[in-house]
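# Per-entry structural report
Next come the chains, spelled out residue by residue.
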There are 2 protein chains.
Amino acid sequence: LTIALNNELPLYQQLYAYIKSEIQAGRLGAGSKLPSKRKLSTHLNISQNTVQLAYNQLIDEGYVVPSERRGYFVHKLEHMIKLELSETTSDKTDFKEESRILYDFSYQGVDYQTFPFSAWRKLTKEVINEYDHELLELGHPQGHLGLRTSIADYLRQSRGVNCRANQLVISAGTEFLLQMLIQLLGKDENIYGIENPGYERLSLLFQSNGARFRPIAIDGNGMMPEEILKSDANILCIAPAHQFPSGGIMPVHRRIQLLNWANERPGRYIIEDDYDSEFKYSGKPIPALQGLDKSGKVIYMGSFSKPLSPAIRVSYMVLPEHLLQKYTDQLSLFLCPVPAIDQKVLERFIREGYFERHLNKMRNLYKRKREILTSEIARMDVRAQAMGADAGLHLLVTVNNGMGEEELVITALKAGVKVYPYSQYFPDVSLYQKAPVVLLGFASLTEQDITKAIGMLNQAWRATVCKDFNEV
Amino acid sequence: LTIALNNELPLYQQLYAYIKSEIQAGRLGAGSKLPSKRKLSTHLNISQNTVQLAYNQLIDEGYVVPSERRGYFVHKLEHMIKLELSETTSDKTDFKEESRILYDFSYQGVDYQTFPFSAWRKLTKEVINEYDHELLELGHPQGHLGLRTSIADYLRQSRGVNCRANQLVISAGTEFLLQMLIQLLGKDENIYGIENPGYERLSLLFQSNGARFRPIAIDGNGMMPEEILKSDANILCIAPAHQFPSGGIMPVHRRIQLLNWANERPGRYIIEDDYDSEFKYSGKPIPALQGLDKSGKVIYMGSFSKPLSPAIRVSYMVLPEHLLQKYTDQLSLFLCPVPAIDQKVLERFIREGYFERHLNKMRNLYKRKREILTSEIARMDVRAQAMGADAGLHLLVTVNNGMGEEELVITALKAGVKVYPYSQYFPDVSLYQKAPVVLLGFASLTEQDITKAIGMLNQAWRATVCKDFNEV
C-alpha cells in the first residue's frame, strides 16, 4: 500500500478516499484484508486514530466490514460499474437511508405526530393575516426582540438561566452558533475541550473550522477536572443536563469544580449545551449550569430541535454581558437566518402557553416510551442493561451475549433494526474500551414500534454469535 | 428546620428550594445529616412522598447523597470562586440608528410595498393547510428538492446557468454560503481575491473566518487580469452582472479572460455573486458567467434578498459537479437553515409564476425610480454626475462642488439625508483616490421621496463649502 499524503485535506479523509478508490477500481478485491491499524499507522507514519477514522468512514459507507479480532475486510460490491458511472451524476448526495430498516433507533428525530400542528397552523395564519410588509423588513441580527424576550422569560423561569433578551442570539442551528463563537472567541488563542465520548459532530465542526480541540475523558459526573487540567483546553463544551451519549447528569459539586476552573484564569469559558434538558422524567428539571455562574463564564446554548422539531431550525445562545460588545462589533454582519414570520409564530407559540403545554405533554409521552423501552430491555432473554439518567430521548444499552459492538449493530441491522455503535461517539477512540454497548434513541418510534423492535433485537441477539458474521 | 409553605408551587418544590438555599448559603454544612423522611413529614405535616420527591431532586442535582440505611447527607461542595469582571454592560448592542434621518439612500432594503403579499399569504395558508407533520421532518441538507428544482429551472431559463437541482445548496444568506465554501475549498491552500472597491462585508467575512484574501483593483470592466496575476489569489469573488459599488457590467471578453485564467491551473475558481442581476433596465439581462464555463470552475451564488426581500433569508449556490461529493462528505452536517414551510411557500411562489411576474413589475418600478433619480441628479444646481450601468438598485454620484467625500456625507446628514461614502467600499484604501463620490441606493425610497431627498441634497450641497463643517 503506497499513498502520497498532502496537506489539502485531513489525513484520514485522504486515506479513506484512497482506499475507497482502490476498492471502487477493483484493485482491492472483495474479501481482501486491510492492514491492521497499527501496521498501517507505522507504515504511513500517521496516528492510529487517523487510520481508525478512515476505517470508520469506510465501514459507515459499507466498503469495509470489521470482524472482531480478525481485522478489516473489503466488502463484496455487486454494482461496482454502476456505482462508478453514477458517481459524477451522483444521486449519492441524496443521502439514501439503508434499505430494509424497519425500526430506526436514531436519536435525531422527535415524535412528530403529537406536535400541536393545528395551533401552529392557527398562529401562522394569525401572523400572516395581522402582519404585512413588516414581515419583509430586515430584522435585528440577533433575532426579533419579541422572540428573544419570550425565550429569555422561558429560560429564566424554566431553566434557571440568568439572562436578558439582549444577551440572546437566535440562529438556525447549534452548528451556526458554534461557528459564530469560534470567530467571536478567536481561533489561534483557544483550544476547545470536547467530551469523550460526546456528540459526534463536534470534532468535525471544530476541524472544518480550523479550531483546535482536545477530546477530554468523562466519568459518571461529566468531564473530569484532572483530565481538563492535563489537556490545555481553555473552553469546554459540555452538556451538564444530560451528557450525550452517556446520559449522565452532572451533579452540583462537579458543576462548581468546573466553574471554579473557569474562574481561575481569564479566557476560560464553558459552553453549556442544554440540548434536551426539558426532558427529565422524575422530579424537576435540573437548573442550567449558567444559573450558578456569577462571572460571565458560561455561554448557554439551547434549541427547539428536541422540544419541538429539528425542522423548526431555531436555536439560540445566551452571551455573557462582557461579550456583547465584541459580538456587535464583529458578528452583527450575520443577519439572523430565521425568517421573520417563523420568529413571530414561535414567539406567539411560547407567549400564549402552547410551548409549555406541549412540553408537559411530550414529557409524559417520552416518559412512557422510555419506561416501555427500559422494561422491554429488562425482559430480553439476552442479559441487557439500560444505562443513563431518567431523562432525555436516548439511552445506552449494554448487551452481554458474547457479541462485540459491531456484531450487535450488524446483527440488528440484518434483522431490520438500526442501533448505533457506542464507539462512534469517541472523538479519541483510544479512550474507547471495547464494550458491547449500543445507543438507542426512542423519540420518533411509537410505543408499539419500541416493543416490536426490542422483540426483534431479542431474536437477533439471542444466538450468542451470529453465524453469518463469522463467515465474512 | 422551619419553613413557611404556601400554595404557589408544589410543596416538594418549596421544600427542595428551601433546603438547596440552606446548603448554598452554607447553613447546612457538608456532611450534615438531613432529617429522616418520616420525621420531616411529621414536623411539616406533609406526606412522606412529598419529602421523598424533594430529597430525590436534591440527590439528582448532587446536593445530597443518600447513604443506605444511614440516611441523607449534604454533599461536600467546593467554595465558589468569583471572577471580578469589569462590567461593560451596554445597551450599545441595540444598534441605534442615527436620529433625524428623513431619507436613507441605503442599498440594503427593497421596495416592500409592492411585494405581492396577498399571494404570499395565500400560498402560506395553502401550504400550512395541505401539509401537516411533513413540515416538521428533517429535510435534505441542501434544501428541499422541490425548491431546488424550481430555482434550477429559473436559473437555466432566466440566468443561463447550467445546473441541475442536485448541484444547488440552499442557505439563509450569502455569508453562510461563503463560510461553507471557505471550509469546502480549504483554508490554508487558498487565497481569495476580492474586488477593490467591492462589497464591504467580504473582507470582514474572510478575516473572521481566518481565510487569506487580497483586494484586487478593478477597472470599468471588472477585476483587471494583470492585477489578478500580480496578486497570488487563486479564487476570485466577483459580481460580473453588476459590480458593487461601481455599477459596471463585465463584458464578455473580460469574462473569457477570467475563465481562461481559471482554466490555466487546477485549484483556481471563480465565485460569481449574481446578487442583483435580475435588474437590468435596458436590453436583455446578461447571462451568468457560469453559463460560459465548461470546466466546473465557476461557483454561482444568488439570493432572493434583492428580487424579493432580505427578510426572506434564502440564498443559494450552484456547485460544480466535481465538488458535490466533497460537499457531501464534509459539509452535509450543516442542515439547511431555511424552515420547511418557507421552502415550500417559495417553491410554489416560483413554480406558479408569481416570482417572474413580481420581477417584471419590480423591473419597471425600479427602472422608473432610477430614471427619476438620474434626472433629478442631472437637474441639481451643483455639478453632479451619476455613474454606473443602467442596472441594479444603486448608483454612484460624483459631486463637483468643491466638497470632499466626508463633507458631502456630513452636510447631507445634517439636512436629514443619508448617503454613503465611496471610500468605505475599499478593502485596501490605498487604492482609493480622494474623490467626491457617494453611493445612493434607491430601492426602498418612493418616487416622491427620491425627488424630495435630492432636492434637500441640492440645498445642502449648494454652498460650495459648508460653513459649519469648517468650524468642526
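Quick caveat: nothing in here was measured; it's all calculated off a predicted structure. (Residues numbered from 1 in each chain as written. Chains lettered and ligands numbered in written order. Predicted model: local features only at pLDDT ≥ 70, side-chain atom pairs only at ≥ 80, totals over all residues. Heavy atoms only, no water.)

Residue and element names in this part refer to chain B. With 6 of its 6 residues buried, strand β10 (residues 298–303) lies for the most part within the structure. Neither face of β10 is left uncovered, since the one carrying V298, Y300 and G302 and the one carrying I299, M301 and S303 both have all their residues buried. Bridging between strand β9 (residues 269–273) and β10 involves 4 bridges; their strand directions are parallel. The partner of I271 across the bridge, within β10, is I299. (Buried < 20%, exposed > 50% of the residue type's maximum accessible area, 1.4 Å probe, protein only. Helix = DSSP H or I, 4+ residues; strand = E, 2+ residues; numbered from the N terminus. Pairing = 2+ DSSP bridges.)

The next thing to look at is the pattern of salt bridges. With the rule as written, the count across this model stands at 37 salt bridges over all chains. Its salt-bridge partner being K122 of chain A, residue E126 of chain A comes within 3.9 Å of it at the nearest N-O pair. On the criterion of helical spacing, the pair formed by E126 of chain A and K122 of chain A is a turn pair, its members being 4 residues apart in helix α5 (residues 117–130). Residue classification places E126 of chain A among the partly exposed residues on the basis of a relative accessible area of 23%. With a closest N to O distance of 3.0 Å, D219 of chain B and R254 of chain B form a salt bridge. Of this pair, D219 of chain B sits in strand β6 (residues 212–219) while R254 of chain B sits in helix α9 (residues 252–264); the two residues are 35 residues apart in sequence, bridging distant segments of the chain. For D219 of chain B, a relative accessible area of 29% puts it in the partly exposed group. Because the salt bridges share partners, they merge into one network encompassing K122, E126, E130 and R348 of chain A. (Salt bridge = Lys/Arg side-chain N within 4 Å of Asp/Glu carboxyl O.)

Here the focus is a nonpolar patch on the surface. Together, V252, I256 and L292 of chain B make up a nonpolar patch on the protein surface, roughly 240 Å² of accessible area in all. Within the element layout of this structure, I256 of chain B appears in helix α9. (Patch = residues over 30% accessible without salt bridge, like charges linked within 9 Å, V, L, I, M, F, W, Y side chains within 5 Å. Areas by Shrake-Rupley, 256 points an atom, 1.4 Å probe, with all protein chains shown as cover.)

All right, on to the pairing of strand β16 (residues 437–441) of chain B then. Residue and element names in this part refer to chain B. β16 sits mainly inside the fold: 5 of its 5 residues count as buried. Alternating residues of β16 divide into V437, L439 and G441 and V438 and L440, and every residue in both groups is buried. The sheet contact formed by strand β13 (residues 394–400) and β16 spans 5 bridges and is antiparallel. Each bridged residue has a counterpart across the sheet, and for L396 the counterpart in β16 is L439. Looking at chain direction, strand β15 (residues 420–421) and β16 are connected through 2 bridges and run antiparallel. Paired with P421 across the bridge in β16 is V438.

Attention now moves to the sheet that holds strand β11 (residues 315–318) of chain A. All names here are of chain A. Within the open sheet, the 8 strands sit side by side as β4-β11-β10-β9-β8-β5-β6-β7. Their pairing is mixed. Across the chains shown, the open sheet's two edge strands, defined by having one partner strand only, are β4 (168–171) and β7 (222–223). Where strand β8 (residues 235–238) lies against strand β9 (residues 269–273), 4 bridges are found, and the strand directions are parallel. For L236, the partnering residue across the bridge sits in β9 and is I270. Lying over the sheet, helix α10 (residues 252–264) contacts β6 (212–219), β7, β8, β9 and β10 (298–303), oriented at roughly 140° with respect to β9. (Contact = heavy atoms within 4.5 Å. Axes fitted to C-alpha atoms, helices over the stretch in contact; angles between N-to-C directions.)

In this assembly, 88 residues from chain B lie in contact with 92 residues from chain A. Of the roughly 8300 Å² buried where chain B meets chain A, counting both sides, 59% is carbon and sulfur surface. At the boundary of chain B with chain A, the tally comes to 1 salt bridge. The partner of K280 of chain A in a salt bridge is D60 of chain B, and the shortest N-O contact between them spans 2.7 Å. Along the contact surface separating chain B from chain A lie 14 residue pairs in polar contact (both at pLDDT 80 or more). Listed by contribution, the elements that provide at least two residues to the side of chain B that touches chain A are α1 (11–24), α3 (48–60), α4 (117–130), α6 (174–185), α7 (201–208), α10 (321–331) and α11 (340–351) of chain B. Here the residues of the side of chain B that touches chain A sort into 35 nonpolar, 28 polar and 25 charged. (Buried area = accessible area lost by both parts, 1.4 Å probe. Polar contact = N/O pair within 3.5 Å; in protein donor to acceptor, adjacent residues only side chain to side chain. Nonpolar A, V, L, I, M, F, W, Y, C, P; charged D, E, K, R; others polar.)

Considering all chains together, one arrives at 0 disulfides over all chains under this definition. C237 of chain A takes part in no disulfide bond, and the closest cysteine sulfur to it belongs to C163 of chain A, at a distance of 20 Å. Assessed through its relative accessible area of 7%, C237 of chain A is described here as buried. Looking at C336 of chain A, it has no disulfide partner, and the nearest cysteine sulfur is the one in C336 of chain B, 14 Å off. (Disulfide = S-S within 2.5 Å.)

The subject of this paragraph is the nonpolar core. Proteins that are soluble and globular tend to have nonpolar side chains buried together. Counting 146 residues, the largest nonpolar core has W461 of chain A together with W461 of chain B as its most contacted members. Residues M180 of chain A together with L181, I194 and Y327 of chain B belong to the second largest nonpolar core, which totals 62 residues. (Core = buried A, V, L, I, M, F, W, Y, C linked by side-chain atoms within 4.5 Å.)

Between two packed helices, what matters for the description is the angle formed by their axes and the separation of those axes. Residue and element names in this part refer to chain B. Taken N-terminus to C-terminus, the directions of α4 and α11 make an angle of 125°; their axes are 9 Å apart at the nearest point. Compared by their axis directions, α4 and α11 come out oblique. Like other packed secondary-structure pairs, α4 and α11 cross with a definite hand, here right-handed. Of α11, the residues touching α4 (which contributes W120, L123, T124, E126, V127, I128 and E130) are I341, K344, V345, L346, R348 and F349. (Parallel < 35°, antiparallel > 145°, perpendicular 65-115°, else oblique. Left-handed = near helix turned anticlockwise from the far one by under 90°.)

Another aspect to go through is the packing of aromatic side chains. Residues and elements named next belong to chain A. Taken as a whole and assessed by the stated rule, the structure comprises 41 aromatic pairs over all chains. An aromatic cluster is defined as three or more aromatic residues linked by ring pairs; in this entry it consists of Y107, Y199, F244, Y275 and Y425. In this structure, K297 is placed above the aromatic ring of Y269, and the distance from its NZ or CZ to the ring centre is 5.2 Å. (Phe/Tyr/Trp six-rings, centres within 6.5 Å; stacked < 30°, edge-to-face > 60°. Lys NZ or Arg CZ within 6 Å of the ring centre and 35° of its normal.)

Quick look at the sheet that holds strand β12 (residues 383–387) of chain A now. Backbone-to-backbone hydrogen bonds join strands into a sheet, with any given pair of strands oriented parallel or antiparallel. Strand order in this open sheet of 4 strands is β12-β13-β16-β15 (chain A), and the pairing throughout is antiparallel. The sheet is open, and its two edges are formed by β12 and β15 (420–421) of chain A, each paired on a single side.

Residues and elements named next belong to chain B. Relative orientation of the contacting elements α1 and α3 amounts to 45°, with a least axis distance of 8 Å. In this view, α1 runs oblique relative to α3, as classed from their interaxial angle. Every pair of crossing elements has a handedness; the one defined by α1 and α3 is right-handed. Within the contact between the two elements, α1 uses L11, Y12, L15, Y16, I19 and K20 and α3 uses T50, V51, L53, A54, Y55, Q57 and L58. Within the contact of α1 with α3, the residues separate by chemical class into 10 nonpolar, 2 polar and 1 charged.

Next up on the list: α3 of chain B. Residues and elements named next belong to chain B. Taking 1.5 Å per residue as the helical rise, α3 with its 13 residues ought to reach 18 Å, and the 18 Å between its terminal C-alpha atoms agrees with that figure. All buried positions along α3 are accounted for by T50, V51, A54, Y55, Q57 and L58. Seen from one end, α3 has its buried residues packed into an arc of 155°, which puts them on one side. Its buried side turned inward, α3 meets α1, α2 (37–44), β1 (64–67) and β2 (71–74). (Expected span 1.5 Å × (residues − 1). Arc of directions from axis to C-beta.)

Turning to the confidence of the model for chain A, a few remarks are in order. Residues and elements named next belong to chain A. Looking at chain A as a whole, its pLDDT mean stands at 86, while 90% of the residues score no less than 70. Per-residue pLDDT stays below 50 along residues 78–98; that stretch engages in 35 contacts with residues further than four places along the chain or on separate chains. Between residues 465–472, whose pLDDT stays under 50, and residues either more than four places distant or in other chains, the model counts 16 contacts. (pLDDT = per-residue confidence, 0-100.)

On the surface, K33, R38, K39 and R70 of chain A cluster together into a patch of positive charge. Structurally, R38 of chain A is set in helix α2 (residues 37–44). (Lys, Arg positive; Asp, Glu negative; His and termini not counted. Charge placed at Lys NZ, Arg CZ, Asp CG, Glu CD.)

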